[in-house]
Amino acid sequence: MRVRYAVPAVAALAALLLTGCVNNSAGSPGGSTGTATGTAVGKDDTAAALLPKEITAAGVLVIGTSPNYSPNEFKDDSGNPIGWGIELTDALAAKLGLTAEYKVANFDTIIPNIIGGKMHVGESSFTDNVKREEQVDFVNYYTAGIQWASAKGKSVDPENACGLTVAVQATTYEDTDEIPGRSDACVAAGKPPITKLKFDTQDAATNAAILGQADAFSADSPVTLYAISRTGGKLQTAGKTFDVSPYGLAVAKGAPLAKAVQAALQSMVDDGSYAAILDKWGVADGGLDTITINAAANG
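In this text, all values refer to a predicted model and were calculated from it rather than measured experimentally. (Residues numbered from 1 in each chain as written. Predicted model: local features only at pLDDT ≥ 70, side-chain atom pairs only at ≥ 80, totals over all residues. Heavy atoms only, no water.)

*Asks:* What should I look at first to understand the environment of A48 in this one?
*Replies:* With respect to the element layout, A48 can be found in helix α1 (residues 45–48). A relative accessible area of 11% means that A48 is categorised as buried. A C-alpha to C-alpha distance of 7.4 Å links A48 and K95, two positions 47 residues apart in sequence. (Helix = DSSP H or I, 4+ residues; strand = E, 2+ residues; numbered from the N terminus. Buried < 20%, exposed > 50% of the residue type's maximum accessible area, 1.4 Å probe, protein only.)

See the structure below:
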């Protein structure tokens, strides 16, 4: 997610009552299921040569993910991780001549597991920021902003939201920083605060806006646009995308793996397989031409 901080998840607010409205755990576009990318990718020997010898010998790239943030990473009906982020790391592993092995984990445990050597890569819509770069390195592969959505026909302006109720997924940047910051600004200006409703899953936050429990929900731009596309005209964008930042694949700090991942992703950009995955999922707007490392500090 844009910035999911290492804080405990908060219990969903009546989430079980909402599950019938929108369910993003269905199959992926194009019929891809499980961890099969569906996009043909060949090995790049130059990128593979940059891998640590122990990873090459094992033949497996261990990837940590928290699959509850569709369309980036979520679960199919069989419980397997899918999404465009998962397809991207499937293809990344193939570029490196490896097999992708996914370890499903709580978001706030992925970076500690990378530091502890239990995972090679973290793929979970991590926003690259300077604070996180103190712990791990990020290979930047996408840019995303924040996008609000409201029920169809309901006019909501994120820049004039004092007194409104806004739904978010717990531990996201929208939960920990964006909505509290906006609410504090409202109070400082002598206006009513924003009421924040937080849920364990994005589906529940989306449903809150559909059902009128919230005036809007706030999420990363690809997540919001995907939710709108999945709800049959029940939702619309509210305002424009803002606060655009890079996503990054997390790897151990100072590890040579970062250069191998960067080279493999750049090879995918150059051969078109990267764009094919983004196009397939309708998220091409955030695609990159150049893959970088630690963009927050170096950008």
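*Asks:* Could you clarify how one ought to interpret helix α6 (residues 173–188) in this entry?
*Replies:* Residue pairs three or four apart in sequence face the same way in an α-helix, which turns once every 3.6 residues. Between its first and last C-alpha, α6 extends 21 Å over 16 residues, near the 22 Å set by a 1.5 Å rise per residue. At P180, α6 shows its largest bend, some 25°. For α6, the full list of buried residues reads Y173, E174, D175, E178, I179, R182, S183 and C186. If you follow the buried residues of α6, they end up packed against β6 (136–151), β7 (165–169), β8 (195–199), β9 (216–220) and β10 (235–252). (Expected span 1.5 Å × (residues − 1). Bend = angle between axes of the 7 residues up to and from the residue. Contact = heavy atoms within 4.5 Å.)

*Asks:* Could you clarify how one ought to interpret the environment of F199 in this entry?
*Replies:* By secondary structure assignment, the location of F199 is in strand β8. The class for F199 is buried, based on a relative accessible area of 1%. C-alpha separation for the pair F199 and V168, spaced 31 residues apart in sequence, amounts to 6.4 Å.

*Asks:* Would you mind showing me how to read the packing of aromatic side chains here?
*Replies:* Within a pair of aromatic rings, the relevant descriptors are the distance that separates the centres and the angle that separates the planes. For the coordinates displayed, the defined rule picks out 9 aromatic pairs. Seen in terms of ring centroids, Y226 and W281 are 6.4 Å apart; in terms of plane orientation they differ by 45°. Their pairing is tilted. Linking Y226 in helix α8 (residues 221–230) with W281 in helix α10 (residues 273–281), this pair joins segments that are 55 residues apart in sequence. Of the two residues, Y226 and W281, neither departs from the other in class, the shared state being buried. The structure contains a cluster of three or more aromatic residues connected by ring pairs, namely W84, Y141, Y142 and Y247. (Phe/Tyr/Trp six-rings, centres within 6.5 Å; stacked < 30°, edge-to-face > 60°.)

*Asks:* Would you take a moment to explain the confidence of the model for the protein for this structure?
*Replies:* Detail in the predicted coordinates should be disregarded across regions flagged by low pLDDT. When pLDDT is averaged along the protein, the result is 87; 87% of the residues meet or exceed 70. Note that pLDDT drops below 50 for residues 3–37; the model gives that stretch 99 contacts with residues more than four away or on any other chain. (pLDDT = per-residue confidence, 0-100.)

*Asks:* Explain the pairing of β8 to me, please; I cannot follow it from the model alone.
*Replies:* Strand residues, when the strand is regular, have side chains that alternate between the two faces of the sheet. Where β7 meets β8, 5 bridges bridge the pair, whose relative direction is parallel. When the sheet's bridge partners are listed, Q169 is paired in β8 with F199. In this region the chain leaves β7, passes through α6 and returns to the parallel neighbour β8; the handedness of that crossover is right-handed. (Pairing = 2+ DSSP bridges. Right-handed = clockwise from strand over helix to strand, strands pointing away.)

*Asks:* How should the packing of helix α3 (residues 84–95) against helix α9 (residues 257–271) be read in this particular structure?
*Replies:* Working note: a packed helix pair is described by the angle between its axes plus the distance between those axes. In the contact formed by α3 and α9, the axes pass within 9 Å of each other and the chain directions differ by 105°. Considering their axes alone, α3 and α9 lie roughly perpendicular with respect to each other. Contact with α3, carried on its side by L88, A91, L92 and K95, involves V261, A264, L265, S267, M268 and D271 of α9 and no other residues of that element. Residues of the contact of α3 with α9, tallied by class, amount to 7 nonpolar, 1 polar and 2 charged. (Axes fitted to C-alpha atoms, helices over the stretch in contact; angles between N-to-C directions. Parallel < 35°, antiparallel > 145°, perpendicular 65-115°, else oblique. Nonpolar A, V, L, I, M, F, W, Y, C, P; charged D, E, K, R; others polar.)

*Asks:* So what exactly am I meant to see when it comes to the state of the cysteines here?
*Replies:* Defined simply, a disulfide is a covalent bond joining two cysteines at their sulfur atoms. Within this structure, the stated rule accounts for 1 disulfide. Across the disulfide, C162 is cross-linked to C186 (sulfur-sulfur distance 2.0 Å). Across the disulfide from C162 to C186, rotation about the S-S bond amounts to roughly -90°, and the bridge is consequently left-handed. With C162 in the loop between β6 and β7 and C186 in helix α6, this residue pair connects regions lying 24 residues apart in the sequence. By relative accessible area, C162 is classed as partly exposed at 22%. (Disulfide = S-S within 2.5 Å.)

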